[in-house]
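# Coordinate analysis (summary)
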Amino acid sequence: MGELTVVNHPLIKHKISMLRNIETGNKEFRELVEEIATLICFEATRDIPTVEVDIETPICVTKGSMIEKKLGVVPILRAGIGMVNGMLNLLPTAKVGHIGMYRDPETLSPVEYYCKLPKDSEEREIFVIDPMLATGGTASSAIDYLKRQGVSEIKLLCLIAAPEGVKRIQQDHPDVKIFAAAFDERLNEHGYIVPGLGDAGDRLFGTK
Ligand code: URA
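Residues numbered from 1 in each chain as written. Predicted model: local features only at pLDDT ≥ 70, side-chain atom pairs only at ≥ 80, totals over all residues. Heavy atoms only, no water.

## Some details on the state of the cysteines
When the sulfur atoms of two cysteines share a covalent bond, that bond is a disulfide. Taken as a whole, this structure holds zero disulfides when the rule is applied. No disulfide involves Cys115; its sulfur sits 20 Å from that of Cys158, the nearest cysteine. Exposure remark for Cys115: the relative accessible area of 23% places this residue in the partly exposed category. With no disulfide of its own, Cys158 lies 14 Å from the sulfur of Cys41, the closest cysteine sulfur. Judged by its relative accessible area of 1%, Cys158 falls in the buried class. (Disulfide = S-S within 2.5 Å. Buried < 20%, exposed > 50% of the residue type's maximum accessible area, 1.4 Å probe, protein only.)

Now the structure itself:
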């Protein structure tokens, strides 16, 4: 079962509370999303292996530890874009792919309308990012897509997760660990997370 880690830290709790606030404007919202993404990234990279290396300090030679694993960050369009810079703050050499999907109104099946991944994605550990894990349908389809491209190491990072979304990912992708800054109560009849923060994309980009 892909475990859910709700990253528990006073800074995250404080910033998530500010993010939820209806009075928080677009600029501050963007800054908070980026900052929280950085904090979640710190936790989600905790198990990345390191290799021992020799380092010459100004004083002597010593042993150090470096990450050799290639990494990738894949935002789900469009709200995932808001988390990219927060991830790259800690993973400056990671490559960034993009996945855009919509649900066909007739078949209700997810349709990929834009997907561009780093060409060596299958060698990378990939962090899929999307601020809101609501039904989990889009995230699950995005992970399906990555697996079809040969990616085998995937983590899903979100800001707020609903129980429905977590359950869906755990059922569809038991190998994928989920990291969230908050685990909320439920979805409402419109598919919004309660209490949530509203529409993450609109609040990031000022489209409402
Ligand atoms: N997407 C959002 O932006 N907000 C929600 O509450 C659910 C999905």
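## Focus on the site of the ligand
In the vicinity of the ligand, the contacting residues are Met132, Ala134, Gly191, Tyr192, Ile193, Gly198, Asp199 and Ala200. In the complex, the protein chains occlude 82% of the 240 Å² of accessible area that the ligand would expose alone. Split into classes, the residues belonging to the shell around the ligand amount to five nonpolar, two polar and one charged. (Near = heavy atom within 4 Å. Areas by Shrake-Rupley, 256 points an atom, 1.4 Å probe, with all protein chains shown as cover. Nonpolar A, V, L, I, M, F, W, Y, C, P; charged D, E, K, R; others polar.)

## Focus on the pattern of salt bridges
Any two side chains of opposite charge can pair, given that their charged atoms come close. One pass over the full model with this rule turns up 17 salt bridges. Residue Asp47 is joined to Lys155 by a salt bridge in which the shortest nitrogen-to-oxygen separation is 2.6 Å. Of the two residues, Asp47 is situated in the loop between helix 2 (26-44) and strand 2 (51-56) and Lys155 in strand 10 (residues 153-161); the sequence distance between them amounts to 108 residues. For Arg78, the salt bridge identified is with Asp202, shortest N-O distance 2.9 Å. Taken as a pair, Arg78 in the loop between strand 4 (71-75) and helix 3 (81-90) and Asp202 in helix 6 (residues 200-205) lie far apart in primary sequence, 124 residues in all. Taken together, the shared-partner salt bridges connect Asp47, Glu125, Lys155 and Lys177 into one network. (Salt bridge = Lys/Arg side-chain N within 4 Å of Asp/Glu carboxyl O. Helix = DSSP H or I, 4+ residues; strand = E, 2+ residues; numbered from the N terminus.)

## Observations concerning the environment of Phe179
Inspection of the secondary structure puts Phe179 in strand 11 (residues 177-183). For the pair formed by Phe179 and Glu43, sequence separation is 136 residues and the distance between their alpha carbons is 8.1 Å. Every residue in contact with Phe179, bar those within four places of it in the chain, is listed here: Thr5, Ile40, Glu43, Ala44, Lys155, Leu156, Leu157 and Cys158. (Contact = heavy atoms within 4.5 Å.)

## Notes on the packing of helix 4 (residues 137-148) against helix 5 (residues 163-172)
Interaxial distance between helix 4 and helix 5 falls to 9 Å at its minimum, and their mutual angle equals 25°. When the axis of helix 4 is compared with that of helix 5, the two are roughly parallel. Remark: the crossing between helix 4 and helix 5 carries right-handed chirality. In this structure, helix 4 contributes Gly137, Ala139, Ser140 and Ile143 to the contact, and helix 5 contributes Arg168, Ile169 and Asp172. When grouped by side-chain class, the residues that make up the contact of helix 4 with helix 5 number three nonpolar, two polar and two charged. (Axes fitted to C-alpha atoms, helices over the stretch in contact; angles between N-to-C directions. Parallel < 35°, antiparallel > 145°, perpendicular 65-115°, else oblique. Left-handed = near helix turned anticlockwise from the far one by under 90°.)

## Description of the nonpolar core
The tendency in soluble globular proteins is for nonpolar side chains to be buried side by side. Within the largest apolar cluster, 37 residues are counted, with the highest numbers of intra-cluster contacts made by Ile16, Leu19, Leu157 and Leu159. Listed by contribution, the elements that provide at least two residues to this core are helix 1 (10-20), helix 2, strand 4, helix 3, strand 8 (125-129), strand 10, strand 11 and helix 6. Sorting elements by how many residues they give to this core places helix 2 first, with eight residues. Setting aside its immediate chain neighbours within four residues, Leu159 contacts Ile16, Leu19, Val33, Ile36, Ala37, Ile40, Met83, Asp130, Pro131, Ala180, Ala181 and Ala182. (Core = buried A, V, L, I, M, F, W, Y, C linked by side-chain atoms within 4.5 Å.)

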